[in-house]
Amino acid sequence: MTADTKSKEENITEDEAALYDRQIRLWGLDAQRRLRAASVLLIGARGLGAEVAKNIVLAGIKSLTILDSTVADEEDTASQFLIPRSELGKNRAEASMERTQLLNPMVQVTAETCSIDDKDDAFLASFDVICATGCGPTTLLRLDKVCRANGVKFYAGDVFGFYGYMFADLCTHEYAEDVTKPKASEKQVTDGGEGEPSPKKAKMEEPETTTVKKSMTFPSLETVLNTKFDTATSEGKKKLRLVPNTFFITKVMLKFLEKEKRSPASVKLDSDRRELNGLRHQVLHEMGVGDSKVPEEFSQFCFGQLSPVCAVVGGILGQEIIKAVSQKDAPHNNFFFYNGTDDGGFVTSIGS
Amino acid sequence: MAAVLNGVLEQSLAENVKNSKLLVVGAGGIGCEVLKNLVLTGFKSIEVIDLDTIDVSNLNRQFLFRKEHVGKSKAQVAKESVLKFNPDVNITAYHDSIFNPEYDVNFFKKFTLVMNALDNKAARNHVNRMCLAADIPLVESGTAGYLGQVTVIKKGLTECYECQPKAPQKTFPGCTIRNTPSEPVHCVVWAKHLFNQLFGEEDPDQDVSPDTEDPELTAEAGQSALETAAKENEVGGIERKSTRVWAMETGYDPEKLFNKLFRDDIKYLLSMETLWKKRRPPEPLSIDSLPTDIDSSNQSAMRDQRLWSVKECFDIFGKCLEALKKELAAQGDSGMLVWDKDDTIAMDFVASVANIRAHIFGIPMKTRFDIKSMAGNIIPAIATTNAVIAGLLIMEAFKILSGRLSACKTVYLNRVPNDRHRLLIPCTLDPPNPKCYVCAPKPEVTVVLNTSRFKVGALQDKVLKSHLGMVAPDVEIDDGKGTILISSEEGETEENNDKLLSDFGIRNGTRLKCDDFLQVYSLIITIVQTEKLEEEKEFEVVGDLSELQPKEETQTNRSKDQANGSKAGPSHAAAQDEDDDLMVVEDEEAMEQQAAQEERSSRKRKASDDTGATTTSKRSKVTDSAAAECDVIEIS
């Protein structure tokens, strides 16, 4: 299903134009029409999930399904602003519903409380976009595969304390890009007046904007996660140098998620830290890169979901989803990494 | 329940977060996001101030507000909304202007740090000065569309907000607006000027009639045009009479106004033949044969989004005149309308007039939607950019609270990654500019003007308040007698306002001692006498006299390049080529206000040009496109 064909028929109403005025002035009416036709599945309703939900619901997508099978706990109070404190102990997706809906009454918001692993492929294929937060690699790999097979735009993301990542697999993605080329500037006015210096220098006419169609191809998550770094060659070394440390931290965290079926928890601070340090060594070794790729103290900064980090990663992730469904502008291919301990915010292409 | 969880933040930082006291200036786009982050992160004591009320167009990003809140105080509603996220926070909300003298240095001193989430230069300048005076660290932020930035200001350690001159605002020469428009925006500016001439505050700088002093015209040509026109146009009633008076006498008759503005004045312009030697000459319109066709295929159903024909524009023009006439009359004899982009009729008026004029000059006509962007100087704004910037703002605050001020950065959010793959670009903070006219130990500035034409009132309003950002200046002439030129006490020096500077013996080299008690700011102004400044400028402010000479040193600023790991090239130009040079940004409302203000006040502010500003190098920090009104605090 393409957002394109069905959206063109409906026009934006005056109410929508008033509400979305400031963003329509940025991305245009066509993009807004496509946005309001998009149905999104958001997996994981913790801090990052809340940020993503907020951003895309405000922007005016058609529908958002929030899926989470876990219950809210005290950690949510530090980043999950969609869950009222009175709802701690209840299902995260359901507890997020009411506040999500209040953000924009024009968006259809629903909750799903079962595990994503119990959902069949047909369910996944019914969305335009799937954004998976807080998932381990096995789940992510399956989701990516199903999305690729069904033309669903796939995003993954997570926040670990001061660190965060976003991954995108849009398969082959077509988009429009505005290219501005200044018109031939007005000729110098050489008036006959002598002595009177003409202040009318050549001036630019309004730049002419043309929209160009482009296309971009993304590697699959499987390719990405299996990427090895050949440090024997100088080219391999160079390639490795361009990969931000947050990629390797993400790999360590994914390993932890896979093993423990949960994020590191502040209630198990000491034992989880020990485990993370062990996994750090193991993961880096497996990838054939040195220990220095992940700073030793990383395990002091990777607990919980720090609200401002969720805001940064959720902001970028939300904007990428908007870009993808509106088919406007070049998407980031294929990772965004944020490291709050050193101000790093990189877009890196891995696996292509 | 503690939002600061064990193990998430280092213990000492967590303690400092809990014990700190913050001021957030602005509860708009960035402010809402900042407040959310703060209460979730575990800050316990927050004060927030915003003068503004909630508008429908805020709701796509200012997520603490909903439709039912429209018209209410942003600060108050934001407070109530975030308290639901965390009820254990002490929040004080002020629905007020930060310029209010209640918020004096002592008020600022009680905070651990201040966060700016503002949208206009005037308020940013003021908070900058208050934080310098109180010696409190300030985290400064701004967004525009996809672009954003955060920086940290600390007295004595970093540049202050005013250390570097901001990119000048774009203005258009009067003769372009009045005689030779070539772009849609020229017609929009003219249409706003016409609104003010007809209904608003009359401003001689906003004359809409043909300009015979156009430098393009030789003296002779101008003169002959005048003579010809005088003969030709007596019927049209174009003699030098105030447009307002004339329009009122006709009862704002649409046909008469149309004939004068779009037929006779255009014929008059045509008589200035020199102007049209290399330009397409304008074509005067006749009411009887207005084009009804539209040369566009994109005819959306929405009135805002489709092009109007010239005939349609004329009809709208007529309806607007009728409605605005009534509005003006309802205000009584000395009534005056203020143009507002959100006032349907005022906006319709500008859209129709701008398009008629565009048609005459062969300039593409625009939709009302596009004209509103230009006329209102609307900066687009989205939730995601604000969210990212607000997040980064807290990250800088963490460094300050950890006592790691030296680790603070200016961080830019770009639209696409630079060639080192950075989407977020951190730059080292520069040390203060020793010649800064705000944060230097003894601030000094040079003002170039014509003392025998410049009035004291203009010195106060245009130079000291508008340009130099003072709120309530006191000025004493450094003449050995301590003559008081301007007093902030009401009624003390008003009689000076209409006098010329030369009447007080002010001449080349005179020094003025200026003080602003609220900002705890003293500035020495040296006057440089000049007969005439270029481009219709009334005055020019230069940091110090050496700036009047050609620039030699450009090498001050290598540090930011190095911070990025980019090569610090030998020349400035090389550094600019790195794509991490900054994007300059500004908040939306700023632009909007700027436009409205631009027309009202006679300050020359320029519509900001984000891309243009990038060429000045990454130094320009938050460019203020916009200097908006002095009494508004709000933000996007």
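Residues numbered from 1 in each chain as written. Chains lettered and ligands numbered in written order. Predicted model: local features only at pLDDT ≥ 70, side-chain atom pairs only at ≥ 80, totals over all residues. Heavy atoms only, no water.

Heads up, the rule is: UniProt positions are given in the numbering used here, feature names are shortened, and annotations may be inferred rather than shown by experiment.
The name an unreviewed UniProt entry assigns to chain B is SUMO-activating enzyme subunit, from the organism Batillaria attramentaria. According to the UniProt record, the Subcellular location (unreviewed entry) comment for chain B is "Nucleus".

Within an unreviewed UniProt entry, the label attached to chain A reads SUMO-activating enzyme subunit 1, and the organism entered is Batillaria attramentaria. Per its UniProt entry, chain A bears the Sequence similarities (unreviewed entry) comment "Belongs to the ubiquitin-activating E1 family." The heading Subunit (unreviewed entry) in the UniProt record of chain A holds the text "Heterodimer of SAE1 and UBA2/SAE2. The heterodimer corresponds to the two domains that are encoded on a single polypeptide chain in ubiquitin-activating enzyme E1. Interacts with UBE2I."

**Some remarks on the overall build of chain A**
Definition in use: Going along the chain from the N terminus, every DSSP run of H or I of four or more residues is numbered as a helix, and every run of E of two or more is numbered as a strand. For every residue, the accessible area obtained with a 1.4 Å probe (protein chains only) is divided by the maximum for its type, and the residue is called buried under 20%, exposed over 50%, and partly exposed between those limits. We call two residues in contact when some of their heavy atoms are within 4.5 Å. Only the protein chains shown count as cover for residues, with accessible areas throughout obtained via the Shrake-Rupley method and a probe of 1.4 Å.
Of the regular secondary structure elements, chain A holds 12 helices and 10 strands. Counting over 352 residues, chain A shows a buried share of 60%. For chain A, the share of sequence-separated contacts (at least 6 apart) that also reach a separation of at least 24 residues comes to 68%. In the structure as shown, chain A presents an accessible area of about 14000 Å², 50% of it carried by carbon and sulfur atoms.

**Details of helix 13 (residues 368-375) of chain B**
To keep it simple, the criterion reads: Think of it as the arc spanned by the lines of direction from the helix axis to the C-beta atoms.
All of the buried residues along helix 13 of chain B are Arg368(B), Phe369(B), Ile371(B), Lys372(B) and Ala375(B). All buried residues of helix 13 of chain B lie within an arc of 165 degrees about the axis, which places them on one face of the element.

**Some thoughts on the packing of aromatic side chains**
All names here are of chain A. Rules: Stacked, tilted and edge-to-face are the three classes applied to pairs of Phe, Tyr and Trp rings, where Trp contributes its six-membered ring and a pair requires centres within 6.5 Å; stacked means planes under 30 degrees apart, edge-to-face means over 60, and tilted covers the rest.
Under the defined criterion, the tally for this structure stands at 32 aromatic pairs over all chains. Between the aromatic rings of Phe160 and Tyr165, the centroid separation amounts to 6.4 Å while the plane-to-plane angle is 15 degrees, which identifies the pairing as stacked. When its relative accessible area of 3% is taken as the criterion, Phe160 is described as buried. Aromatic ring contacts, followed pair by pair, group Phe154, Phe160, Tyr165, Phe167, Phe229, Phe247, Phe248, Phe335 and Phe337 into a single cluster.

**Looking at the nonpolar core**
Test applied: Remark: nonpolar core denotes a set of buried residues (Ala, Val, Leu, Ile, Met, Phe, Trp, Tyr, Cys) joined through side-chain atoms within 4.5 Å.
Tyr155(A), Phe248(A), Met115(B) and Phe398(B) are the most contacted members of the largest nonpolar core, which totals 167 residues. Setting aside its immediate chain neighbours within four residues, Tyr155(A) contacts Val129(A), Ile130(A), Cys131(A), Ala132(A), Met166(A), Phe167(A), Ala168(A), Leu170(A), Leu317(A), Glu320(A), Ile321(A) and Ala324(A). Core analysis: the next-biggest nonpolar cluster, separate from the first, contains 57 residues, Tyr252(B), Leu257(B), Ile287(B) and Cys320(B) among them.

**Details of the sheet that holds strand 14 (residues 539-542) of chain B**
Residues and elements named next belong to chain B. Our working rule: Pairing between strands is defined by DSSP: at least two bridges between the two strands are required. Helix axes use the C-alpha atoms of the stretch in contact, all axes being lines fitted to C-alpha atoms, and the angles between their N-to-C directions lie in the range 0 to 180 degrees.
An order of 11-10-12-13-9-14 is seen for the six strands of this open sheet, with the pairing classed as mixed. Two strands lie at the open edges of the sheet, namely strand 11 (483-486) and strand 14, each paired on one side alone. With strand direction ignored, the average angle separating the axes of adjacent strands in the sheet is 30 degrees. Sheet topology places strand 9 (residues 444-449) next to strand 14; four bridges connect them, and they run antiparallel. The residue bridging Val448 from the neighbouring strand is Glu540, located in strand 14. Along the sheet, helix 15 (residues 456-467) makes contact with strand 9, strand 10 (473-477), strand 11, strand 12 (511-516), strand 13 (521-529) and strand 14, crossing strand 11 at roughly 70 degrees.

**With respect to the pattern of salt bridges**
Residue and element names in this part refer to chain B. Basically, it comes down to this: Whenever a carboxyl oxygen of Asp or Glu lies within 4 Å of a side-chain nitrogen of Lys or Arg, that contact is scored as a salt bridge.
Counting across every chain of the model gives 51 salt bridges over all chains. As a salt-bridge pair, Lys21 and Glu47 come within 3.5 Å of each other at their nearest N and O atoms. Taken together, the positions of Lys21 in strand 1 (residues 21-25) and Glu47 in strand 2 (residues 45-49) put the pair 26 residues apart, joining distant regions of the chain. The class of Lys21 is partly exposed, set by a relative accessible area of 26%.

**Focus: the confidence of the model for chain B**
All names here are of chain B. The following threshold applies: By definition, pLDDT measures how confident the predictor is in each residue, and it falls between 0 and 100.
Taken over all residues, the pLDDT of chain B has a mean of 83, while the share at 70 or more is 79%. Ignoring residues within four places in sequence, the model shows residues 230-239, a span with pLDDT below 50, making nine contacts including any to other chains. Scored below 50 in pLDDT, residues 550-636 makes 282 contacts in the model with residues more than four places away or belonging to other chains. Predicted complex metrics record ipTM = 0.92 and pTM = 0.86.

**Remarks on the interface of chain B and chain A**
How we decide: Take the accessible area each of two parts loses on contact, using a 1.4 Å probe, and add the two losses: that sum is the buried area. Polar contacts, as counted here, are pairs of nitrogen or oxygen atoms within 3.5 Å of one another; within protein the pair requires one atom able to donate a hydrogen and one able to accept it, and residues that are adjacent in sequence qualify only if both atoms are side-chain atoms.
Each side of the interface is counted separately: chain B has 78 residues, and chain A has 73 residues. Carbon and sulfur atoms make up 60% of the surface buried where chain B meets chain A, a total of about 6600 Å² over both sides. On inspection of chain B and its partner chain A, the count reaches six salt bridges. Residue Arg85(A) is joined to Asp88(B) by a salt bridge in which the shortest nitrogen-to-oxygen separation is 3.4 Å. The interface formed by chain B and chain A includes 16 residue pairs in polar contact (both at pLDDT 80 or more).

**Notes on the environment of Asn497(B)**
Residue and element names in this part refer to chain B. Summarising the element assignment, Asn497 is placed in the loop between strand 11 and strand 12. In this structure the C-alpha to C-alpha distance between Asn497 and Lys74, which are 423 residues apart in sequence, comes to 37 Å. Excluding anything up to four places from it in sequence, Asn497 contacts Lys455, Val456 and Gly457.

**Overview of the pairing of strand 6 (residues 163-169) of chain A**
Residues and elements named next belong to chain A. Burial analysis of strand 6 places seven of its seven residues in the buried class, the great majority of the element. Here strand 6 shows no split at all, with Tyr163, Tyr165, Phe167 and Asp169 on one side and Gly164, Met166 and Ala168 on the other all buried. Bridge analysis of strand 5 (residues 153-160) against strand 6 gives seven bridges, and the strand direction is antiparallel. Paired with Tyr155 across the strands is Ala168, a residue of strand 6. Where strand 6 meets strand 9 (residues 335-339), five bridges bridge the pair, whose relative direction is antiparallel. Bridge pairing in strand 9 links Phe167 to Phe335.

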